[in-house]
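Breakdown of the fold
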Amino acid sequence: MRLFSKHINVVLIAIVGLLLVMGCNTNKLANDESNYQYDNKIKDLSPSFVVYHVNDTLSYLYLEINTTNLLYVRENSSKPFEAEVHIRYDLYQDFKGKVLIDSASKVLYDYKKTDGAKKILARIPLAIPIGENGVLRITSSDINKKVKDKQVIEVNKSNRLSEQFFLFKGINNETIYFDPYFTLENKFKVVSDFNSNETFEVQYFNTNFPASPPPFSSNVKQKPIVYNDSNFLLSLNNSEGIISLPKKGSYYIKSLDSISYNVILQKLDSNFDGFHNYLGMIEPLKYICTSKEYKALKNADNKRKAVEDFWLKMGGSKERARVIIEEYYRRVELANKFFTSYKEGWKTDRGMLSIVMGLPNTIYKTRNGETWVYGTPHNMMMSLTFSFNLENEDRIKNDYQLIRYRTYRDYWYRACESWRQGRIYNFN
């Protein structure tokens, strides 16, 4: 009785097929009556964005869309299949969304010539002067599919050493990396027009950190930096240089005359962007396993069978096990997509909660943190609230740490027990 196919990469197509069509990142400005959300629906476009500042007056919003997420249609048999995507951005002064600095739109067309997947790459100029910051609200619309994605990106043009003054590209092609997380890539190109001919120090830190403790554990802030393992130099010849990430961990780029870190890159486990071995499927089970079960899974000689047996025991039947497997690992990849900081997203506080308890109905985002509200907002009897503070901002991005309380204990155990009884848990 196999819940998984013989080859793990084929397994994951079957187990987490929903992950391949993840998306609808409906992020909204925090002061809107609607809220800031992390969500992925089958209908989404899942575009990727990155801001790059070229000079004092010119910046670009780069975007990438996978054609597998688009709907191609044609008027008649003599016309080619065509996709149409509308991109609109509104640049606000801050998260309040009251002062509009700039707005623009772009229409993308793509004609389907083969059945193979590809990525559409485009860029839109941004009108933001040097020394200014802002908040971008981006709306992407698939006209044929009649669906929209919304994302929010903070823009920083006040510090020429911050990450948006650097662009990461493939060495032998024009591939653009849209996030600072790498798994298989060991070497790539660093571009910075603002920092031409500068030399930077790269400090490597071993960041093999454990998963977050339960939300009711002692409220001790986690420290993302343990020790500096080694250093090397990165020189930009004109505006380009080559950087290598030989081993897993965090690589902190800083100017030679500064004590602050400017850009942080992460070399993560290969299971970060897909489950390439059964150990990668075992580790996120830490949240719903007993210590004894988790140790047995990690030490099992036949990890495939151990994982299968675990889920079959939880589900009670092969069919039910498949259902909860799909949802659990969908949440793991969702966590990696949105919550990765100095460790994989599933290991973080927000990742932990999103996996075990599901995403909340309401998320409020501020400059210094987030508040997650499960259930009905503004109703203490019908809701559960978690607050996260943005920490270690000078060292790492996206590090939101939960304010822990003992009162979360019963809610947490109730959620874990639901999974262990073969039921997908959602507080909502």
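Residues numbered from 1 in each chain as written. Predicted model: local features only at pLDDT ≥ 70, side-chain atom pairs only at ≥ 80, totals over all residues. Heavy atoms only, no water.

A word on the overall build of the protein
This is how it is decided: The helix and strand labels rest on DSSP assignments: H or I over at least four residues marks a helix, E over at least two residues marks a strand, and numbering proceeds from the N terminus. Three labels apply to residues, based on accessible area from a 1.4 Å probe with only protein chains included: buried if under 20% of the type maximum, exposed if over 50%, partly exposed otherwise in between. Whether two residues are in contact is decided by their heavy atoms: any pair within 4.5 Å suffices. We get accessible surface area from the Shrake-Rupley algorithm with a probe of 1.4 Å; when it comes to residues, only the shown protein chains can shield them.
Scanning the protein for helices and strands turns up seven helices and 19 strands. Relative to its full complement of 428 residues, the protein shows a buried share of 52%. Considering only contacts in the protein between residues 6 or more positions apart, those separated by 24 or more positions represent 64%. With the model as given, the accessible surface of the protein reaches about 20,600 Å², and the carbon-plus-sulfur share is 49%.

Let's talk about helix α6 (residues 349–356)
Within α6, eight of the eight residues are buried, which leaves it mostly tucked inside the rest of the structure. For α6, the complete set of buried residues consists of Asp349, Arg350, Gly351, Met352, Leu353, Ser354, Ile355 and Val356. The secondary structure elements touched by the buried residues of α6 are α5 (318–339), β17 (369–375), β18 (383–390), β19 (400–402) and α7 (409–420). Within two residues after α6, glycine 358 carries a phi angle of roughly 85°, on the positive side.

Notes on the packing of helix α3 (residues 291–299) against helix α4 (residues 303–315)
Cut-off, in case you're wondering: Orientation is described by axes fitted as lines to C-alpha atoms, over the contacting stretch for helices, and by angles from 0 to 180 degrees between their N-to-C directions. Note on angle classes: values under 35 degrees are labelled roughly parallel, values over 145 roughly antiparallel, values of 65 to 115 roughly perpendicular, and the remainder oblique. Under this grouping Gly is polar, as are all residues other than the nonpolar Ala, Val, Leu, Ile, Met, Phe, Trp, Tyr, Cys and Pro and the charged Asp, Glu, Lys and Arg.
Two numbers describe how α3 lies on α4: the axes approach to 8 Å, and their chain directions differ by 150°. The orientation of α3 with respect to α4, classified from their angle, is roughly antiparallel. From α3, Glu293, Leu297 and Lys298 reach across to α4, where they touch Lys303, Ala306, Val307, Phe310 and Lys313. In terms of residue class, the contact of α3 with α4 is made up of four nonpolar, no polar and four charged.

Section: the nonpolar core
Across soluble globular proteins, nonpolar side chains have a tendency to be buried as a group. Definition in use: Think of a nonpolar core as a cluster: buried Ala, Val, Leu, Ile, Met, Phe, Trp, Tyr and Cys residues, connected wherever their side-chain atoms sit within 4.5 Å.
In terms of nonpolar packing, the biggest core is built from 50 residues, with Trp311, Tyr328, Leu353, Val356, Trp372 and Phe386 touching the most fellow members. When neighbours within four sequence positions are excluded, phenylalanine 386 is seen to be in contact with Pro215, Leu353, Met357, Glu370, Thr371, Trp372, Tyr374, Leu402 and Tyr408. Leu70, Tyr89, Ile128 and Leu136 belong to the second largest nonpolar core, which has 24 residues in total.

Considering the packing of aromatic side chains
Heads up, the rule is: Two aromatic rings from Phe, Tyr or Trp, using only the six-membered ring of Trp, form a pair when their centres are within 6.5 Å; if the ring planes differ by under 30 degrees the pair is stacked, by over 60 it is edge-to-face, and anything between is tilted.
Under the criterion given, the structure shown has 26 aromatic pairs. Ring centres of phenylalanine 310 and tryptophan 311 lie 5.4 Å apart, and the angle between their planes is 80°; this geometry places the pair in the edge-to-face category. Judged on exposure class, the residue phenylalanine 310 and its partner tryptophan 311 are both buried. Each ring, one from phenylalanine 339 and one from tryptophan 372, has its centre 5.8 Å from the other, and the planes form 50°; the classification is tilted. A residue pair is termed long-range when its members are at least 10 positions apart, and phenylalanine 339 in helix α5 and tryptophan 372 in strand β17 qualify at 33 residues.

Notes on the packing of α5 against α6
The line we're drawing: For any pair of crossing helices, the crossing counts as left-handed if the nearer helix is rotated counterclockwise from the farther one by less than a right angle, and right-handed if it is rotated clockwise.
Closest axis-to-axis distance for the α5/α6 pair is 9 Å, and the angle between their directions is 155°. Relative to α6, the element α5 lies roughly antiparallel. In this structure, α5 crosses over α6, and the sense of that crossing is right-handed. From α5, Tyr328, Arg331, Val332, Ala335, Phe338 and Phe339 reach across to α6, where they touch Arg350, Gly351, Ser354, Ile355 and Val356.

What to know about the environment of asparagine 159
Within the element layout of this structure, asparagine 159 appears in the loop between β7 (147–156) and β8 (167–169). Distance in space between the C-alpha atoms of asparagine 159 and glutamate 132 is 9.1 Å, their sequence separation being 27 residues.

Focus: unusual backbone geometry
Positive phi is not limited to glycine here, since serine 46 has a value of about 50°. Here serine 46 is to be found in the loop between α1 (8–15) and β1 (48–53).

Considering the confidence of the model for the protein
Which entries qualify depends on this criterion: Per-residue confidence from the predictor is reported as pLDDT, which spans 0 to 100.
On average, the protein scores 83 in pLDDT, and the residues at 70 or more come to 86%. Ranking the elements of the protein by mean pLDDT puts α1 last, at 39, and α6 first, at 96.

Regarding the environment of lysine 248
Structurally, lysine 248 is set in the loop between β13 (240–244) and β14 (249–255). Lysine 248 gets classed as partly exposed once you look at its relative accessible area, which sits at 48%. Considering only alpha carbons, one finds lysine 248 and lysine 267, 19 residues apart in sequence, at a separation of 4.7 Å. Contact partners of lysine 248, with chain neighbours within four places excluded, come to Tyr204, Lys267, Leu268 and Asp269.

Description of the sheet that holds β13
We apply this condition: A pair of strands is considered paired only if DSSP assigns at least 2 bridges between the two.
The sheet built from three strands is open, its strands ordered β8-β10-β13 with antiparallel pairing. The open sheet is flanked by β8 and β13, the only strands paired with a single partner. Strand after strand, the sheet turns through a mean of 35° between neighbouring axes, direction not considered. Bridging between strand β10 (residues 187–191) and β13 involves five bridges; their strand directions are antiparallel. Looking at β13, one finds that valine 190 is bridged to glycine 241.

Let's talk about the pairing of strand β2 (residues 59–66)
Within β2, seven of the eight residues are buried, which leaves it mostly tucked inside the rest of the structure. Counted between consecutive antiparallel strands, the loop separating β1 from β2 contains five residues. Bridging between β2 and strand β5 (residues 119–126) involves eight bridges; their strand directions are antiparallel. Pairing of asparagine 66 across the sheet is with lysine 119, part of β5.

So, the pattern of salt bridges
What counts here: Salt bridges are defined by distance alone: a side-chain nitrogen of Lys or Arg within 4 Å of a carboxyl oxygen of Asp or Glu.
All told, the structure shown has 17 salt bridges when counted by the stated rule. Of the charged contacts in the structure, one is a salt bridge between aspartate 90 and arginine 88, with a shortest N-O distance of 2.9 Å. Here glutamate 370 and lysine 365 are joined by a salt bridge, their closest N and O atoms 3.4 Å apart. Relative accessible area serves as the criterion here: at 7%, lysine 365 is assigned to the buried category. Put simply, Glu293, Lys313 and Arg420 are held in one network by salt bridges that share partners.

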